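# Chains, contacts and geometry: an overview
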Amino acid sequence: MQRAIAAYLGLAVGDALGATVEFMTPAEIRHEYDTHKNMIGGGWLKLKAGEITDDTEMSLALGNAILAAGKVEPTSVAEAFSQWMRGKPKDIGNTVRRGIVQFRRTRQTAMPESEHDAGNGACMRCLPVALSTLHSSWTDVQSASRLQAHTTHNNLVSDAGTECILQMVQAAILGEPLAELELLAHELVARYPVFEYRQRRRDNPSGYIVDTLQAVFQALFSTNSFETALVEVVNRGGDADTTGAILGMVAGALYGLENIPTRWLDRLDDNIRTQCTQQARALYQLAQQGHLQ
Ligand code: MG
Ligand code: MG
């Protein structure tokens, strides 16, 4: 349970820390901050210190939909995303917006498959699926993942990357060490060589799922703490709130709550911190119930 909570707070902390330097290059970050490691807000979205963005907001919307339906039910998920968009979020990805608009028009909950929709938008919000399917068979995890992902992103590479992150989060919550998570990354590369991350450093990662996960893997597997891993990934700039969010959920589950620096946790909005904690608990319990039936 503690690791599930740590994954959720890790996601929020990563989002909030990374958002300050989203769309900056590593050189611009160095010039401005030397190393960016404090939760100071700002950035292109002009955030308050500790404020989170769409990555955490969409995760919370998805988690609420899963809890209300007792499972990943695509119409509830699409409704939740639509409701979230109605609240005029500060940031929303193009592919996400398109998926929600299509749902409003047609009530269809799956976008057509598209080779262009390989953004990281489905992956950044996948944590509630990881938690609610913690004890499910891999086939069930995969199908739940695709139901949520395809409301906006229907793409094989996005699916593969998202499912690898789900697997890593689940393995970490169940107590597997970093070396085991690295094997999962190797398996992904074996199936989809485009994800190869061991050859060239990925700086300034874009929103393309491949760039994003290359930066996340390089930072995660070259460090040995939540703090060093998160600082490493967000200082690469680019889509830094999302690399931060994805790395944060995996590293949170891996290193545990006691290793997420309190100077970051304390900066999160009280309401967001509470929502993340409560939702992590409820989703973890939902997975336990399914497991016991
Ligand atoms: Mg964001
Ligand atoms: Mg982003």
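This text gives an overview of the structure that appears in the document. On a predicted model such as this, the values are computed, not experimentally measured, just so you know. (Residues numbered from 1 in each chain as written. Chains lettered and ligands numbered in written order. Predicted model: local features only at pLDDT ≥ 70, side-chain atom pairs only at ≥ 80, totals over all residues. Heavy atoms only, no water.)

## Section: the side chain of Thr-162
Within the secondary structure layout, Thr-162 lies in helix α8 (residues 156-173). Separated by 2.7 Å, the side chain of Thr-162 and the backbone oxygen of Ser-158 make a polar contact. If near-sequence neighbours (up to four positions away) are discounted, Thr-162 is found in contact with Ala-122, Cys-123, Cys-126 and Ser-145. (Helix = DSSP H or I, 4+ residues; strand = E, 2+ residues; numbered from the N terminus. Polar contact = N/O pair within 3.5 Å; in protein donor to acceptor, adjacent residues only side chain to side chain. Contact = heavy atoms within 4.5 Å.)

## A look at the packing of aromatic side chains
As enumerated under the stated definition, the model contains five aromatic pairs in all. Positioned above the aromatic ring of Tyr-197, the side-chain terminus of Arg-198 is 5.4 Å from the ring centre. (Phe/Tyr/Trp six-rings, centres within 6.5 Å; stacked < 30°, edge-to-face > 60°. Lys NZ or Arg CZ within 6 Å of the ring centre and 35° of its normal.)

## Here's the deal with the coordination of the magnesium ion (ligand 2)
When a metal holds four donors in a tetrahedron, each ideal angle between them is 109.5 degrees; when it holds six in an octahedron, the ideal angles are 90 or 180 degrees. Donor atoms from the polypeptide that bind the magnesium ion (ligand 2) are Glu-22 (OE), Asp-239 (OD), Asp-241 (OD) and Thr-242 (OG1), placed at 2.0 to 2.6 Å. Site description for the magnesium ion (ligand 2): donor spacing in sequence, E-x216-D-x1-D-T. The metal-metal distance between the magnesium ion (ligand 2) and the magnesium ion (ligand 1) is 3.6 Å, with Asp-241 serving as a donor to both. Of this pair, Glu-22 sits in the loop between α1 (2-19) and α2 (26-33) while Asp-239 sits in the loop between α11 (226-234) and α12 (240-255); the two residues are 217 residues apart in sequence, bridging distant segments of the chain. Summarising the burial analysis for this pair, Glu-22 and Asp-239 share the class buried. (Donors = N, O, S within 2.8 Å, 3.2 Å for Na, K, Ca; no water. Buried < 20%, exposed > 50% of the residue type's maximum accessible area, 1.4 Å probe, protein only.)

## Looking at α12
When you tally the buried positions in α12, you get 16 out of 16 residues, the bulk of the element. In the stretch just after α12, Gly-256 is the one whose phi turns positive, near 85°.

## Thoughts on unusual backbone geometry
Phi is positive for Phe-23, which is not a glycine, with a value near 70°. One can find Phe-23 in the loop between α1 and α2. Judged by its relative accessible area of 53%, Phe-23 falls in the exposed class. Backbone geometry at Arg-107 places phi at a positive 65°, although glycine is not the residue there. The residue Arg-107 is located in the loop between α5 (94-106) and α6 (127-132) in this model.

## A short note on the pattern of salt bridges
In the structure shown here, the tally under the stated rule is twelve salt bridges. A salt bridge links Arg-146 to Glu-163; the shortest N-O distance between them is 2.7 Å. Here Arg-146 is found in helix α7 (residues 138-149), whereas its partner Glu-163 is found in helix α8, with 17 residues between them in sequence. Its salt-bridge partner being Arg-198, residue Glu-196 comes within 2.9 Å of it at the nearest N-O pair. Residue Arg-198 is classed as partly exposed on the basis of its relative accessible area of 44%. (Salt bridge = Lys/Arg side-chain N within 4 Å of Asp/Glu carboxyl O.)

## Digging into the coordination of the magnesium ion (ligand 1)
For the magnesium ion (ligand 1), every protein donor is listed as Thr-53 (OG1), Asp-54 (OD), Asp-55 (OD) and Asp-241 (OD), and the spread of their distances is 2.0 to 2.3 Å. Sequence spacing of the donors to the magnesium ion (ligand 1): T-D-D-x185-D.

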